[in-house]
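# Coordinate analysis (summary)
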Amino acid sequence: MTWTPDPNALRGRLAVVAGATRGAGRGIAAGLGEAGATVICTGRSSVSGNRDSDYQRPETIEETAELVSTLGGVGIAMQVDHLDIAQVRELARRIATEHGHIDILVNDIWGAEILKGPPPTWGRPMWQHDLDDGLRILRLGIDTHLITSHCLLPLLVDRPGGLLVEITDGTSEFNLENYRLSVFYDLAKVAGNRLAFSHGHELSPFGATAVAVTPGWLRSEMMLDNYGVTEANWRCALEPARADGYPMAPPGFAESETPRFVGRGVAAIAADVEKARWNQRSVSSAELARQYGFTDLDGRVPDAWSPL
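Residues numbered from 1 in each chain as written. Predicted model: local features only at pLDDT ≥ 70, side-chain atom pairs only at ≥ 80, totals over all residues. Heavy atoms only, no water.

What follows deals with unusual backbone geometry. You will see that L181, though not glycine, has its phi angle at about 70°, which is positive. Checked against the element boundaries, L181 lands in the loop between α5 (172-177) and α6 (183-203). One non-glycine residue, Q280, lies in the positive phi region at around 70°. Within the secondary structure, Q280 is located in the loop between α8 (259-271) and β9 (282-284). (Helix = DSSP H or I, 4+ residues; strand = E, 2+ residues; numbered from the N terminus.)

Structure (structure tokens):
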């Protein structure tokens, strides 16, 4: 039997997905939308201009908000640079005025894919990396999350049942045993898991939950572009001797997932009346699928972590 989302599982809930322009953020906003949530989609890239964005890409927060509404939720786009404290405080003020409360806060802000460098640069000693780029990785991957939580969590803890989700790359268990690309990237991704642990310690007395969630190998817009494929023909990236000039993806790409997969995982936690069991934990989208029974868009349950 094919799994389908419950369109009313999160009806009446307000979610904020910080960093919803593309990739996991867009997938999470969409996953919450197909469960009926009202989703405020924030980011720097807007139809009004890619203000301060580190990427020159076409995706916008308005497109994400429209996708949320198309899937059955209510999508609201708000342009915010999450490194700008004044902008995030204004976001909090606007949400308080227009909605009064936040049920779900997802910290997915990133923007450092280019800064981490191409694969040949991974694994070099940190002193051989550009210091400004390395420090900006930390600003984008850690400072943004702290600023957003500081400004928005007061709207989440004013009643029991709130959920904070920290999106990162790799579970605590995996990152404990594996070095991740560079000192800067490694620190940023380890920090996401620890933030969920420390936030959970502070949120628990308020009846709120914090959890770190990692997707597997994400078929984001940038990843698909890297291999010269689309979501419709992504398996072509696995074909040897490609004549189109694009690199062949490693075998592990066969276990890649759409951004919606992790989005469905976040929605499942949010709808769980016993979500507190996830407090301070670190979990992958695949593990959430096994726990809650949802699938990716193609009906599969991909797990890019299991072979590693």
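From this point, the narrative continues.
The full count for this structure, using the stated rule, is 8 aromatic pairs. With a centroid separation of 5.5 Å and an interplanar angle of 65°, the aromatic rings of F261 and F294 are classed as edge-to-face. Residue F261 is located in helix α8, and its partner F294 is located in the segment after α9 (285-292); the two are separated by 33 residues in the primary sequence. Measuring from centroid to centroid gives 6.3 Å for W278 and Y292, while their planes differ by 40°, and the two rings are tilted. You can see W278 sitting in the loop between α8 and β9 and its partner Y292 sitting in helix α9, a full 14 residues away along the chain. Overall, the relative accessible area of 1% leaves W278 in the buried class. Connected via pairs of aromatic rings, a cluster forms that spans W217, Y227, W234 and F253. For K189, the ring lying beneath its charged end belongs to W110, and the centroid distance is 3.6 Å. (Phe/Tyr/Trp six-rings, centres within 6.5 Å; stacked < 30°, edge-to-face > 60°. Buried < 20%, exposed > 50% of the residue type's maximum accessible area, 1.4 Å probe, protein only. Lys NZ or Arg CZ within 6 Å of the ring centre and 35° of its normal.)

Turning our eyes to something else, we now look at the nonpolar core. Across soluble globular proteins, you tend to see nonpolar side chains buried next to one another. If you look at the biggest cluster of nonpolar residues, it comprises 34 residues, and the most contacted ones within it are L32, V39 and V213. Ranked by residues supplied to this core, first place goes to α8 with 7 residues. Sequence-distant contacts of V39, that is, excluding residues within four places in its chain, are made with A15, V17, A29, L32, G33, V68, V74, G75 and I76. Counting 21 residues, the second-largest nonpolar core is a separate cluster that includes V88, I102, A208 and A210. (Core = buried A, V, L, I, M, F, W, Y, C linked by side-chain atoms within 4.5 Å. Contact = heavy atoms within 4.5 Å.)

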